[in-house]
Amino acid sequence: MWDKIDEINKEIDTFTVETAEQLEQFRIKFLGSKNVIKDLFKLMKEVPGDQKKEFGQKLNTLKQNAQKRFDALSETTAASGTKAQTEKPDVTRPGFPFEAGARHPISVVRNEIVDIFNRIGYTVAEGPEIEDDYHNFTALNFPEEHPARDMQDTFFVHDNGEAPEKLALRTHTSSVQVRVMETQKPPIRIIAPGRVFRNEAISARAHCIFHQVEGLYIDEGVSFADMKQTLMYFAKEFFGKTQIRLRPSYFPFTEPSAEVDVYWGLETEADYRMTKGTGWLEIMGCGMVDPNVLENCGIDSEKYSGFAFGMGIERIAAQRFGIDDLRRFFENNTEFLKQFKGAQ
Ligand code: PHE
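Since the model is a prediction, treat every value here as computed from it, not as a measurement. (Residues numbered from 1 in each chain as written. Predicted model: local features only at pLDDT ≥ 70, side-chain atom pairs only at ≥ 80, totals over all residues. Heavy atoms only, no water.)

## Overview of the side chain of N35
Here N35 is to be found in the loop between α2 (20-31) and α3 (36-42). Relative accessible area serves as the criterion here: at 6%, N35 is assigned to the buried category. In terms of polar contacts, N35 uses its side chain to reach the backbone carbonyl oxygen of F30, at 3.5 Å. A distance of 2.8 Å separates the side chain of N35 from the backbone oxygen of G32, its partner in a polar contact. (Helix = DSSP H or I, 4+ residues; strand = E, 2+ residues; numbered from the N terminus. Buried < 20%, exposed > 50% of the residue type's maximum accessible area, 1.4 Å probe, protein only. Polar contact = N/O pair within 3.5 Å; in protein donor to acceptor, adjacent residues only side chain to side chain.)

As structure tokens, then:
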């Protein structure tokens, strides 16, 4: 037993290693989980009582010796250590790429529209997506049960019957006009981007969820000409086009009302397709805020006047990025969204 200790000690002292494998063999034999020193510890019970202490001390010294020798051998063995410590890093190896996100094309276009109006003094206003019937329709001069409401097929929200108002998902951002006029005094100059909802079948050209940007300007003496000028400014800034036309239209909350077309031109086949051969691209609805709406919101219609406009973002974004199917905007397919990297 005692001889065994000396034997192992000798073996440790004379062990030579040249390669990492040999070093590993040393480690397994003398320091591993089933090493030979441990085996000797197991013999402790056979050692007579008065010698147990000395035997234990010798084994501990042996153990320390094995560790010391291992450390020394590790230092002198060129191939020692783990792979990561010994192998030189390959500086030519490509890094691990990580995907940077891209702004959604709808956000890109929304931000650009907001920026353009910021520059002429409009600030952003927001309102709730779940809206009551009053703000979405009644205050905007849509009489109850009036067929004008059919212009916007509505998702109603079924509550538990306790809500004081009939609730719906807002069908347009014009509801924000009402909320702003109720709480602010003219001059009012706001732009209200947001998500809106209509009960429509989803196709390449329509979706039940989409985005609009609403504009509203109320002050003393605001005229139709002011509206035209503002819309021309927008057409120039956003599309780089200088010609617009207003076609008479109808909205319950504006009078007179118009659809705004921008002259796009007919240079390419795509222009033909996009403008249906007319060269004109419809971009928004607009009009002078109906005096009834002003009064509904507590604004003196004798003193103040103003205009409002509203445009859908999807169609404009589709034109801007050459996208032929509006459903792409809502699928969150990263292969599609990646293409807009770099757009702000
Ligand atoms: N809210 C109208 C729509 O969704 C657009 C509009 C806004 C028209 C403001 C006139 C003035 O169709």
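## So, helix α6 (residues 105-118)
Over its 14 residues, α6 runs 20 Å from end to end, which matches the ideal 20 Å to within 8%, given 1.5 Å per residue. Looking only at α6, the buried set comprises P105, I106, S107, V108, V109, I113, V114, I116 and F117. (Expected span 1.5 Å × (residues − 1).)

## Here's the deal with the pairing of strand β5 (residues 188-197)
Judged by how many residues are buried, β5 sits mostly within the fold: eight of 10 residues are covered. In this sheet, β5 lies alongside strand β1 (residues 123-124) in parallel orientation, the contact comprising two bridges. Bridged to T123 within β5 is I190. Of the strand pairs in this sheet, β5 and strand β6 (residues 209-220) are connected by 10 bridges, and their pairing is antiparallel. Note that in β6 the partner of V196 across the bridge is F210. (Pairing = 2+ DSSP bridges.)

## Quick word on the layout of surface pockets
Its boundaries defined by the atoms lining it, the second largest pocket holds a volume of some 240 Å³. What lines the second largest pocket is a set of 16 residues, and nearest its centre among them are R110, P193, G194, R195 and H211. For the lining of the second largest pocket, the secondary-structure elements that each account for two or more residues are α6, β5 and α12 (313-321). Of the residues belonging to the lining of the second largest pocket, the class tally is five nonpolar, five polar and six charged. (1 Å grid on protein atoms, 1.4 Å probe; cavity = no way out; pocket = protein on both sides within 12 Å on 5 of 7 lines; lining within 4 Å. Points joined across faces, edges and corners; volume = space filled by probe spheres on them. Nonpolar A, V, L, I, M, F, W, Y, C, P; charged D, E, K, R; others polar.)

## A few points about the pairing of β6
Burial runs high along β6: nine of the 12 residues are buried. Sheet topology places β6 next to strand β10 (residues 304-312); nine bridges connect them, and they run antiparallel. Paired with L216 across the bridge in β10 is A308.

## Focus: the sheet that holds β1
Reading across from one edge, β1-β5-β6-β10-β9-β8-β7 is the order of the seven strands in this open sheet, with mixed pairing throughout. Each of the sheet's edge strands pairs with one partner strand only, and the pair in question is β1 and β7 (244-251). Contacting β7, β8 (254-263), β9 (280-289) and β10, helix α9 (residues 224-239) crosses the sheet at an angle of about 150 degrees to β9. (Contact = heavy atoms within 4.5 Å. Axes fitted to C-alpha atoms, helices over the stretch in contact; angles between N-to-C directions.)

## Description of the site of the ligand
Neighbouring residues of the ligand: 15 residues in total, closest H172, S174, R198, Q212 and E214. H172 places a polar side-chain atom, nitrogen or oxygen, 3.1 Å from a nitrogen atom of the ligand. Residue Q212 places a side-chain N or O atom 2.9 Å away from an oxygen atom belonging to the ligand. With the chains in place, 92% of the 330 Å² that the ligand exposes on its own is no longer accessible. At the level of secondary structure, the elements contributing two or more residues to the shell around the ligand comprise α8 (174-183), β6, β9 and β10. Looking at the shell around the ligand, the element that brings in the most residues is β10, giving three residues. For the shell around the ligand, the per-class residue count stands at five nonpolar, eight polar and two charged. (Near = heavy atom within 4 Å. Areas by Shrake-Rupley, 256 points an atom, 1.4 Å probe, with all protein chains shown as cover.)

## Remarks on the nonpolar core
Among the nonpolar cores identified, the biggest contains 39 residues, and F234, F309 and M311 are the most heavily contacted of them. Of all the elements in the fold, those that place two or more residues in this core are α6, β6, α9, β8, β9, β10, α12 and α13 (334-337). Sort the elements by how many residues they give to this core and α9 lands first, with six residues. Sequence-distant contacts of F309, that is, excluding residues within four places in its chain, are made with F117, Y122, I191, V213, E214, G215, L231, M284, G285 and C286. Core analysis: the second largest hydrophobic core is formed by 24 residues, F137, F142, L216 and A308 among them. (Core = buried A, V, L, I, M, F, W, Y, C linked by side-chain atoms within 4.5 Å.)

## A look at α12
Quick reminder: α-helices carry 3.6 residues per turn. Residues three or four places apart thus point the same way. Of the positions making up α12, those classed as buried are I313, E314, I316, A317, A318 and Q319. Elements that come into contact with the buried residues of α12 comprise α6, β6, α9, α10 (269-274), β9 and β10.

## Digging into the pattern of salt bridges
Summed over the entire model, instances satisfying the criterion amount to 17 salt bridges. With a shortest N-O distance of 3.1 Å, E129 and R195 are connected by a salt bridge. In this pair, E129 is assigned in the loop between β1 and β2 (130-132) and R195 in strand β5, connecting sequence segments 66 residues apart. Judged by relative accessible area, which is 28%, E129 ranks as partly exposed. Bridged by salt links that share partners, the residues R245, R247, D261 and E282 form one connected network. (Salt bridge = Lys/Arg side-chain N within 4 Å of Asp/Glu carboxyl O.)

## As for the sheet that holds strand β4 (residues 167-169)
With respect to topology, three strands assemble into an open sheet ordered β2-β4-β3, the strand pairing being antiparallel. Among the strands making up the open sheet, the edge pair consists of β2 and β3 (156-157). Bridge count for β2 against β4 is three bridges, and the pairing is antiparallel. When the bridges of β4 are listed, I130 appears paired with L169.

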